[in-house]
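Structural characterization, general
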Amino acid sequence: MFHREGQKIITTTFILVCSIIILANFFVDITWLKFVLQITSLVILVLILQFFRNPKRNATKSFDEILAPVDGKVVVIEEVEETEYFKDKRIQVSIFMSPINVHVTRYPASGLIKFSKYHAGKYLVAWHPKSSEENERTTVVINTPKFGDILYRQIAGAMARRIINYAEVGESVQQGEDAGFIKFGSRVDLFLPLNSAITVKLHQKVTGAKTCIATTRVQKENED
C-alpha cells in the first residue's frame, strides 16, 4: 500500500523506467551498458516505492497513552521551553526519520485540533538543535482528554522539500490516523506536559501508531 502523496511521482517513475528498459533493449547494443541502464532504473523505482509505502496500522487507541507519530529513532528527550504556542516548559521527545523509514505522520493522540500552522524556513540537517525553530515546519496542537494540550511539529530536513499536513483547526481526530507526510528525511518533535511519564529511551527505535511514547503519571504509578 502506497501513500496518496506519492501517486504522481510513482506513476511518472514507473512510466520512465518502463521506457528506459524498452528503449535500452532495442537501441543499446553494448550488453553491459544495457543491463546497467535497466537495473539502475529498476533500483530507482524500488527506492521510490519503498519511500512512499504506507503500511496499514491499526492503533490500539487509548486516552492514557501518546503513541509515536512516525517511524524512526528517538534523538531527544529533555525539558525545554516551548516558545511558539505554550510559552512554558514541556517535555520534548524528538524522533528522527532516515530516508529508509516510513514517512507517514500519524496522530499521536485522539482529540480536537486547536492549532495548525505552517512555517517556511531553512533546511538544516534534521538533528541540528536549531532545526525545530528555523527549518521549514508545521506545528499542530491537539486537545486531549487526559494530557490536555499536546503539540507535535513536523520538521523538514536537509533533503526534505515538502511537508504535508492534514490537520485543520476544529477537526476531531483519532489516534493513529493519517496526519500527513514528509518527503525525503526529516524529524518530528512532540511537546508534552511535564507530568507525562515518558516510556521510551534515547536512541530507541519506534513505530508510528504502535510504540507508546508517554503515559499519564497516574497510570504508571498504578502499574508500579
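Here the residue index of a chain counts from 1 through its sequence in written order. Local features in this predicted model are restricted to residues whose pLDDT is 70 or higher, and side-chain atom pairs enter the listing and the counts only when it is 80 or higher, whereas totals over whole chains, interfaces and linings include all residues. To obtain the side-chain values, all non-hydrogen atoms of the structure were used and water was disregarded.

Re the sheet that holds strand β6 (residues 137-144)
When DSSP finds at least two bridges between two strands, those strands are taken to pair. The way it works is that DSSP assigns letters per residue, a run of H or I at least four long becomes a helix, a run of E at least two long becomes a strand, and they are numbered from the N terminus. The strand order across the open sheet formed by eight strands is β9-β5-β6-β7-β11-β3-β2-β13, and the pairing between neighbours is antiparallel. The sheet is open, and its two edges are formed by β9 (172-173) and β13 (205-206), each paired on a single side. Bridging between strand β3 (residues 88-97) and strand β11 (residues 186-192) involves seven bridges; their strand directions are antiparallel. Note that in β11 the partner of S94 across the bridge is D189.

Notes on the confidence of the model for the protein chain
Across the protein chain, pLDDT averages 88, with 87% of residues at or above 70. Here pLDDT means the predictor's own confidence in every residue, given as a number from 0 to 100. Should any heavy atoms of two residues lie within 4.5 Å, those residues are considered in contact. The low-confidence segment residues 219-224 (pLDDT under 50) makes four contacts with residues lying over four places distant or belonging to another chain.

Points about the nonpolar core
In terms of nonpolar packing, the biggest core is built from 38 residues, with I66, Y107, I142, Y152 and I213 touching the most fellow members. Mapped by element, the contributors of at least two residues to this core are α2 (31-51), β3, β6, β7 (148-156), β8 (163-165), β10 (178-182), β11 and β14 (212-216). A per-element tally of this core places β3 first, with four residues. Membership of the second largest hydrophobic core comes to six residues, among which are V80, F86, V141 and F191. To define a nonpolar core, start from buried Ala, Val, Leu, Ile, Met, Phe, Trp, Tyr and Cys residues and group those joined through side-chain atoms within 4.5 Å. Buried residues are those whose accessible area, probed at 1.4 Å on protein chains only, stays under 20% of the maximum for their type, while exposed residues exceed 50% and partly exposed ones sit between those limits.

A word on the packing of aromatic side chains
Pairs were defined over the aromatic rings of Phe, Tyr and Trp, the Trp ring being its six-membered one, requiring ring centres within 6.5 Å. Orientation was assigned from the angle between planes: stacked under 30 degrees, edge-to-face over 60, tilted for the rest. Summed over the entire model, instances satisfying the criterion amount to four aromatic pairs. Here Y107 and Y152 contribute two aromatic rings whose centre-to-centre distance is 6.5 Å and whose plane-to-plane angle is 75 degrees, an arrangement assigned as edge-to-face. With Y107 in the loop between β4 (104-106) and β5 (111-119) and Y152 in strand β7, this residue pair connects regions lying 45 residues apart in the sequence. Residue Y107 shares its accessibility class with Y152, and that shared class is buried.

Let's talk about the pattern of salt bridges
Once their charged atoms are close, side chains differing in charge can pair, the charge on each being opposite to the other. Basic side-chain nitrogens of Lys or Arg form a salt bridge, by our definition, when they fall within 4 Å of a carboxyl oxygen of Asp or Glu. Under the counting rule described, the total for this entry stands at eight salt bridges. For E81, the salt bridge identified is with K89, shortest N-O distance 4.0 Å. R187 is the salt-bridge partner of D189, the closest N and O atoms lying 2.8 Å from each other. In this structure, a network of salt bridges that share partners links the residues E82, E84 and R153.

Description of the packing of helix α1 (residues 7-27) against α2
Closest axis-to-axis distance for the α1/α2 pair is 9 Å, and the angle between their directions is 170 degrees. As far as their axial angle goes, α2 and α1 are roughly antiparallel. In this structure, α1 uses I9, I10, T13, F14, V17, I20, I21, A24 and N25 to contact α2, whose residues at the interface are K34, L37, Q38, S41, L42, I44, L45, I48 and L49. As a rule, the C-alpha atoms of each element are fitted with a line to give its axis, helices using only the stretch in contact, and angles between N-to-C directions run from 0 to 180 degrees. Just so you know how the angles are binned, under 35 degrees is roughly parallel, over 145 roughly antiparallel, 65 to 115 roughly perpendicular, and the rest oblique.

A word on α1
Working rule for helices: expected span equals 1.5 Å times residues minus one. Given a rise of 1.5 Å per residue, 21 residues ought to cover 30 Å, and the 30 Å separating the end C-alpha atoms of α1 matches this to within 8%. Those residues of α1 that sit buried are I10, T13, V17 and A24. For α1, the angular spread of the buried residues around the axis is 75 degrees, confining them to a single face. Every exposed residue of α1 that faces more than 90 degrees away from the buried side is listed here: Q7, K8, I15, F26 and F27. It is the directions from the helix axis to the C-beta atoms whose arc is reported.

Remarks on the sheet that holds strand β12 (residues 196-198)
Taken in spatial order, the three strands make up an open sheet running β1-β14-β12, and their pairing is antiparallel. Every interior strand has two partners, whereas the edge strands, β1 (65-67) and β12, have only one. In this sheet, adjacent strand axes meet at a mean angle of 25 degrees when their direction is disregarded. Here β1 pairs with β14 via three bridges, running antiparallel.

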